[in-house]
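# A look at the structure
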Amino acid sequence: MKNKEIIKKAFEKSIPIMCSYLFVSIAYGVMMNEAGFAWYVAILVSFLIYTGAFQFLLITLLIGGNFFTYNWCYSSFNE
């Protein structure tokens, strides 16, 4: 097989996964918007945090504004 054929076949096989990432990212963007964050904050968090599940958890932690968020961040990086 030629290199272009391999890339084309791999792209065709990856389309269902790309569609699922698209819908999850749209849901994340909508949730960040509903929580009151600007669009660029959602993009920044997506670039900085690789795990998708923690991105959804982070929305809850950031809008909560409680002491737990500060305490967790402080204790995680100042040991």
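Residues numbered from 1 in each chain as written. Predicted model: local features only at pLDDT ≥ 70, side-chain atom pairs only at ≥ 80, totals over all residues. Heavy atoms only, no water.

## Notes on the side chain of glutamine 55
When you line up the elements, glutamine 55 lands in helix H3 (residues 52–64). Take glutamine 55: its relative accessible area is 10%, and that puts it in the buried class. A polar contact of 3.1 Å, which involves the side chain of glutamine 55, links it to the backbone oxygen of isoleucine 49. Apart from the residues lying within four places of it in its own chain, the contact partners of glutamine 55 are Tyr28, Val45, Ser46 and Ile49. (Helix = DSSP H or I, 4+ residues; strand = E, 2+ residues; numbered from the N terminus. Buried < 20%, exposed > 50% of the residue type's maximum accessible area, 1.4 Å probe, protein only. Polar contact = N/O pair within 3.5 Å; in protein donor to acceptor, adjacent residues only side chain to side chain. Contact = heavy atoms within 4.5 Å.)

## Some details on the packing of aromatic side chains
The geometry of an aromatic ring pair is captured by two quantities: the separation of the ring centres and the angle between the planes. Tallied over the full model, the rule gives 2 aromatic pairs. Considering the side-chain rings of tyrosine 28 and phenylalanine 56, the 5.7 Å spacing of their centres and the 80° angle between planes classify their relative orientation as edge-to-face. On the criterion of sequence distance, the pair formed by tyrosine 28 in helix H1 (residues 3–34) and phenylalanine 56 in helix H3 is long-range, its members being 28 residues apart. The class for tyrosine 28 is buried, based on a relative accessible area of 4%. (Phe/Tyr/Trp six-rings, centres within 6.5 Å; stacked < 30°, edge-to-face > 60°.)

## With respect to the nonpolar core
Taken as a class, soluble globular proteins show a tendency for nonpolar side chains to be buried jointly. Core analysis: the biggest nonpolar cluster contains 7 residues, these being Tyr28, Met32, Ala42, Val45, Ile49, Leu58 and Ile59. If you list the elements that add at least two residues to this core, you get H1, helix H2 (39–48) and H3. (Core = buried A, V, L, I, M, F, W, Y, C linked by side-chain atoms within 4.5 Å.)

## Description of the environment of phenylalanine 37
Position of phenylalanine 37 relative to the elements: it lies in the loop between H1 and H2. On the basis of relative accessibility, which here comes to 22%, the residue phenylalanine 37 falls in the partly exposed class. In this structure, the C-alpha to C-alpha distance between phenylalanine 37 and isoleucine 63, residues 26 residues apart in sequence, is 9.3 Å. Residue contacts for phenylalanine 37: discarding those within four places in its chain leaves Met32, Leu62 and Ile63.

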